[in-house]
Amino acid sequence: MKYLILVAITCVLCNGEGTTPDQVHLSFTGDMTEMAVVWNTFAEASQDVSYNKKGGGASSTASGASEAWVYGGITRYRHKATMTGLEYSTEYEYTISSRSFSFKTLPKDPQSYKVCVFGDLGYWHGNSTESIIKHGLAGDFDFIVHLGDIAYDLHTNNGQIPYMVIAGNHEDDYQNFTNYQKRFAVPDNGYNDNQFYSFDLGPVHWVGVSTENYGYYYSYGMDPVMTQYEWLKNDLTNANANRAAHPWIFTFQHRPFYCSNVNSAECQSFENRLVRTGWLDMPGLEPLFLQTSVDFGFWGHEHSYERFYPVADRTYWNDPNAYKNPKAPVYLISGSAGCHTPDAWFSDQPWPWSAARNNDYGWSIVTIANRTHVRVEQISIDKNEQTVDDFWVIKDEGYTHSGEMRRASPGTKFPAQKCHFKDVACQRSLKEINEEL
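Residues numbered from 1 in each chain as written. Predicted model: local features only at pLDDT ≥ 70, side-chain atom pairs only at ≥ 80, totals over all residues. Heavy atoms only, no water.

An unreviewed UniProt entry lists the protein chain under the name Purple acid phosphatase, from Caenorhabditis tropicalis. According to UniProt, the comment filed for the protein chain under the heading Catalytic activity (unreviewed entry) is "a phosphate monoester + H2O = an alcohol + phosphate". One UniProt comment on the protein chain, placed under Sequence similarities (unreviewed entry), says "Belongs to the metallophosphoesterase superfamily. Purple acid phosphatase family." (UniProt positions renumbered as here; feature names shortened; annotations may be inferred.)

(A) Main features of the overall build of the protein chain. Looking only at helices and strands, one finds 10 helices and 24 strands in the protein chain. The buried share of the protein chain, taken over its 437 residues, is 58%. Relative to all contacts within the protein chain whose residues are 6 or more apart in sequence, the contacts with residues 24 or more apart total 68%. If you sum the accessible surface of the protein chain, you get close to 17,400 Å²; carbon and sulfur atoms cover 48% of it. (Helix = DSSP H or I, 4+ residues; strand = E, 2+ residues; numbered from the N terminus. Buried < 20%, exposed > 50% of the residue type's maximum accessible area, 1.4 Å probe, protein only. Contact = heavy atoms within 4.5 Å. Areas by Shrake-Rupley, 256 points an atom, 1.4 Å probe, with all protein chains shown as cover.)

(B) Broad picture of the pairing of strand E2 (residues 35-41). With seven of seven residues buried, E2 lies mostly within the body of the structure. Residues Met35, Val37, Trp39 and Thr41 line one face of E2 and the alternating positions Ala36, Val38 and Asn40 line the opposite face, and both faces are buried. Two elements, strand E1 (residues 22-27) and E2, share four bridges in a ladder whose sense is antiparallel. If you follow Asp22 over to E2, its bridge partner there is Asn40. Note that E2 and strand E6 (residues 74-83) share seven bridges and pair antiparallel. (Pairing = 2+ DSSP bridges.)

(C) Focus on the confidence of the model for the protein chain. For the protein chain, mean pLDDT is 84; residues scoring 70 or higher make up 81% of the total. For the protein chain, helix H1 (residues 3-8) is the element with the lowest average pLDDT, namely 37, and helix H8 (residues 286-291) is the one with the highest, namely 98. When the criterion is pLDDT under 50, residues 152-164 qualifies, and its contacts beyond four places in sequence or with other chains add up to 60 contacts. (pLDDT = per-residue confidence, 0-100.)

(D) Molecular detail of the sheet that holds E6. With antiparallel pairing, four strands are arranged side by side in an open sheet as E1-E2-E6-E5. In the strand order of this sheet, the two ends are held by E1 and strand E5 (65-71), each with one partner. Going across the sheet, the axis of each strand differs from the next one's by a mean of 20°, ignoring polarity. (Axes fitted to C-alpha atoms, helices over the stretch in contact; angles between N-to-C directions.)

(E) Focus on helix H2 (residues 129-137). Regarding H2, the residues found buried are Thr129, Ser131, Ile132, Ile133, His135 and Gly136. At the C-terminal side of H2, Gly139 shows a positive phi close to 75°.

(F) Geometry of the pattern of salt bridges. A complete count under the given rule lists 16 salt bridges for this structure. Residue Glu397 is joined to Arg371 by a salt bridge in which the shortest nitrogen-to-oxygen separation is 2.5 Å. Taken together, the residues Glu397 in the loop between strand E23 (386-394) and helix H9 (403-408) and Arg371 in the loop between strand E21 (362-368) and strand E22 (373-380) connect sequence positions 26 residues apart. Through salt bridges that share partners, Glu212, Arg255 and Glu271 make up one connected network. (Salt bridge = Lys/Arg side-chain N within 4 Å of Asp/Glu carboxyl O.)

(G) Spatial organisation of unusual backbone geometry. Even without being a glycine, His301 presents a positive backbone phi close to 75°. Along the polypeptide, His301 turns up in the loop between strand E16 (296-299) and strand E17 (305-308). Unlike most non-glycine residues, Arg314 shows phi in positive territory, near 60°. Along the chain, Arg314 falls in the loop between E17 and strand E18 (315-316).

(H) Focus on the sheet that holds strand E8 (residues 99-104). Ordered in space as E4-E3-E7-E8, the four strands form an open sheet in which the pairing is antiparallel. Only two strands of the sheet have a single partner each, and these edge strands are strand E4 (60-62) and E8. For this sheet the average axis-to-axis angle between neighbouring strands, irrespective of direction, equals 30°. Note that strand E3 (residues 49-53) and strand E7 (residues 91-96) share five bridges and pair antiparallel. Counted as the bridge partner of Asn52 is Glu93 from E7.

(I) Looking closely at the environment of Ser60. By secondary structure assignment, the location of Ser60 is in strand E4. A relative accessible area of 32% places Ser60 in the partly exposed class. Along the sequence, Ser60 and Thr84 sit 24 residues apart, while their C-alpha atoms lie 8.9 Å from each other. With near-sequence residues (within four places) excluded, Ser60 lies in contact with Val49, Ser50 and Tyr51.

(J) Representation of the packing of aromatic side chains within the structure. This model, assessed by the stated rule, comprises 38 aromatic pairs. Note on Phe257 and Trp299: the rings are 5.2 Å apart at their centroids and 55° apart in plane angle, and the pair reads as tilted. Here Phe257 is found in the loop between strand E13 (248-252) and helix H7 (270-277), whereas its partner Trp299 is found in strand E16, with 42 residues between them in sequence. Plain terms: the ring middles of Tyr258 and Trp299 are 6.5 Å apart, the flat faces sit at 40° to each other, and that makes the pair tilted. With Tyr258 in the loop between E13 and H7 and Trp299 in strand E16, this pair connects stretches of sequence that are 41 residues apart. Note on accessibility: Tyr258 and Trp299 belong to one class, buried. The rings of Phe28, Tyr113, Phe143, Tyr197, Phe199, Trp206, Trp248, Phe250, Phe252, Phe296 and Phe298 are connected pair by pair, giving a single aromatic cluster. The ring of Phe391 carries Arg307 above its face, with NZ or CZ at 4.4 Å from the centroid. (Phe/Tyr/Trp six-rings, centres within 6.5 Å; stacked < 30°, edge-to-face > 60°. Lys NZ or Arg CZ within 6 Å of the ring centre and 35° of its normal.)

Here it is, written out as structure tokens:
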């Protein structure tokens, strides 16, 4: 389907003048008979959205609301409208001022669909962009989940490179993520804050989480961490109790809990432990994910692809049937879409909790096959769109992992970390861990 591709990726080069709608993109509201559309202008204008079924039919109008915002001495105007009363599995055309677009709605309560998942895609060296556009226009997936670092330093170059969905560290613009907050719409979380949100689609409850509330607590305080955590605890608890309707819980965030990238001290640095286990009064995310039996976690930040065996608190289960009724969440890093910095690299040592690693530029496609089967494929740009990883996660109807289950079937603890004598970052990280202990 076309809707996120046409209005997100192809708007990389925008006009940046007057009342012409700029940086137009769509997003879910949580109600699949609606579609939110957000755009910016560089001059004040009252603009609505006219929409109708593709090929004809009565036209409807979605009233646009606007607000001025200033960054770098430049005043912009953010506009948002919500198209309502949409029919399922239907193509629509919509027009804002002189610009027209099209999209197709999803079926009602789709039990099977495909999602393009990636992080860290920039304007410079955005190697995956052409491939994603091509496959999006071909209908090879239904929507996009972007795991942060959205077009790299969104606030630079007058912020002309929009995208979606969850903030990464490069969305910090030294004004508490103003560019991110003003450019993107997400389902309402009740807090007037688009850094975290959730929505239900078919068998999956999707949850977007901001790791940047943790990463920038020293700039913006601990309140954003605590606010998000209380919302998240309530959201995941309710989702876990609603497995009959949505048996899978998927989270997506920017910074990972785990990795085996040498350049990132194998994710043993303070920033990773802060997000995973917390610090001071700030609670970490992993214990909550385990308590509420989260099934999948998708991460970016590392400029590579890595798939993990089921992992819980630095304990892993890598038996041959690890992905059949997994005993812990399955985590995946898809941060190799392409950006202005070099790719991450791995040590020669194969860690037993890391099931697959790849340094090619690429992106992931997640297939929700049904209520019990999910497939993940990693597409390599370097290898002419070959699939370089392909696996299924299968769970019986009604199955959820639990602490009791893990105690009854103990996994293997992570090995003690060893550092190369030249790896200063790794040695510093180990020193921090030992001081904590």
